[in-house]
Amino acid sequence: MPEIQISAIICTYNREAYLGAAIDSLLAQNFPANFEVLVVDNGSSDRTREVVEQRAANPRLRYIFEPTVGLSVARNTGAREAKADILAYLDDDAVASPHWLEVLYTTYQDNAKIAIAGGKVTLIWPPNTQQPKWLSPGLAGNLGAYDLGENLVYIQNPGLTPRGLNYSIRRSFLAEIGGFDTHLGRVGKNLLSNEELQMTEFALAQGWQVAYIPAAIVAHNVTPERMKPSWFLKRGWWQGISECYREQLAGKADISQLQKGSEKFLIGLYKALKHISDPAERFDKLVYAYGQIGYLKSAIQGLLSSKGGLKKL
């Protein structure tokens, strides 16, 4: 068999309802060279393994069980087991467009300086459902929506980094930085994040390039539980915690975090009042303010811990 040119990896945790479609979208790729599809089962307790075994006759497909729960752990396991130099990660509730792998692979072949690349993400709403009136375009990004236009973009602002559900990385760069940081990334049902942002910061600091490729399109299913305001508040809370953790890991944790978090909290409340007549923008700013409470909690916890105080509030 010819050498594998790109490895597609799905890290999954209890998503049997969506996993089959994700796998099928990869096995059906229009890609002229050789590729493989790895499913990393991250300690699932549902029918995940059965969903994979139903497709076991396809020689491209491999099943790997990773008992240590954590998205970054699963991603590192997938990278370790993969055979190609280019690693393409697809979420277990997403569907790749037919030429997804080809577009990503060609991007890396054309530019040896690219370390990370991802593409446009559209949303698949549940049947008979439309985008809620209280959901702003900004908060839709929390559901995975990502669109920087129809042209190739080299990312300079880490905040615009490609979404993890449609994400690829060069193996040599991943090895250079020691893999995905297991202090970040989701663990079970918690919504810890920011690992992709951190990877972009590393790449740019070391002279690599990060690219948005509009033709590398993935559609992301919006699960029913994410249609509730409570989910977005929880997501905002964990975003605040994630930002604080990222600063702590970078050695930037100090008393100034309390001032910064407090100022951002007040700004969020002010903007929510400013948009009181616009339900989408009002809720957007309330989620932002709520996230700063999570940030402040983690900042205080970190400061107490660093001084030998309490481990938890």
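For the structure, see preceding data.
This one's a predicted model, so the numbers in the text were calculated from it and none came from an experiment.

**Description of the overall build of the protein chain**
Of regular secondary structure, the protein chain possesses 10 helices and nine strands. Its C-alpha atoms give the protein chain a radius of gyration of 20 Å, within 12% of the compact-globule value 20 Å for 313 residues. Dimensions along the principal axes, computed over C-alpha positions, put the protein chain at roughly 60 × 45 × 40 Å. Counting across all 313 residues of the protein chain, residues that qualify as buried make up 51%. Nonlocal contacts in the protein chain, meaning residues at least 24 apart in sequence, comprise 79% of its contacts between residues at least 6 apart. Only carbon and sulfur atoms are counted for the fraction: they give 55% of the accessible area of the protein chain, which is about 14,600 Å². The averaged location of the 31 negative side-chain charges in the protein chain is 6 Å from the averaged location of its 33 positive side-chain charges.

**Observations regarding a nonpolar patch on the surface**
On the surface, a nonpolar cluster with roughly 250 Å² of combined accessible area is contributed by Leu 266, Leu 269 and Leu 286. With respect to the helices and strands, the residue Leu 266 is situated in helix H9 (residues 256-274).

**Section: the pattern of salt bridges**
All chains considered together, the criterion is met by 13 salt bridges. Between Glu 81 and Arg 62 there is a salt bridge; the shortest N-O distance is 3.9 Å. Here Glu 81 is found in helix H3 (residues 71-81), whereas its partner Arg 62 is found in strand S3 (residues 61-65), with 19 residues between them in sequence. Among the residues examined, Glu 81 registers a relative accessible area of 34% and is labelled partly exposed. Residue Glu 150 pairs with Lys 120 through a salt bridge whose shortest N-O separation is 2.4 Å. You can see Glu 150 sitting in the loop between helix H5 (137-140) and strand S7 (153-154) and its partner Lys 120 sitting in strand S6 (residues 114-124), a full 30 residues away along the chain. Ionic contacts of the salt-bridge type, sharing partners, join the residues Arg 15, Asp 92 and Asp 93 into one network.

**Some remarks on the side chain of Asp 284**
Structurally, the position occupied by Asp 284 is in helix H10 (residues 279-306). Residues within four places of Asp 284 in sequence aside, it is in contact with Ser 136, Gly 138 and Leu 139.

**Quick word on the nonpolar core**
In terms of nonpolar packing, the biggest core is built from 59 residues, with Ile 6, Ile 23, Tyr 89, Leu 90, Trp 100, Ile 116 and Ile 169 touching the most fellow members. With nine residues, the next largest nonpolar core counts Leu 135, Leu 139, Met 227 and Phe 283 among its residues.

**Quick word on the environment of Arg 15**
For Arg 15, the location among the structural elements is in the loop between strand S1 (4-12) and helix H1 (16-27). The buried category is assigned to Arg 15, whose relative accessible area is 18%. Along the backbone, Arg 15 and Asp 41 are 26 residues apart, and their C-alpha atoms lie at a distance of 10.0 Å. Apart from the residues lying within four places of it in its own chain, the contact partners of Arg 15 are Asp 46, Thr 48, Asp 92, Asp 93 and Arg 226. Among the polar contacts listed, one links the side chain of Arg 15 to the side chain of Asp 92, at a separation of 3.1 Å.

Conventions we followed
- Residues numbered from 1 in each chain as written.
- Predicted model: local features only at pLDDT ≥ 70, side-chain atom pairs only at ≥ 80, totals over all residues.
- Heavy atoms only, no water.
- Helix = DSSP H or I, 4+ residues; strand = E, 2+ residues; numbered from the N terminus.
- Rg over C-alpha atoms; globule rule 2.2 N^0.38 Å.
- Buried < 20%, exposed > 50% of the residue type's maximum accessible area, 1.4 Å probe, protein only.
- Contact = heavy atoms within 4.5 Å.
- Areas by Shrake-Rupley, 256 points an atom, 1.4 Å probe, with all protein chains shown as cover.
- Lys, Arg positive; Asp, Glu negative; His and termini not counted.
- Charge placed at Lys NZ, Arg CZ, Asp CG, Glu CD.
- Patch = residues over 30% accessible without salt bridge, like charges linked within 9 Å, V, L, I, M, F, W, Y side chains within 5 Å.
- Salt bridge = Lys/Arg side-chain N within 4 Å of Asp/Glu carboxyl O.
- Core = buried A, V, L, I, M, F, W, Y, C linked by side-chain atoms within 4.5 Å.
- Polar contact = N/O pair within 3.5 Å; in protein donor to acceptor, adjacent residues only side chain to side chain.

Don't take any of this as a statement about function, it's just geometry.
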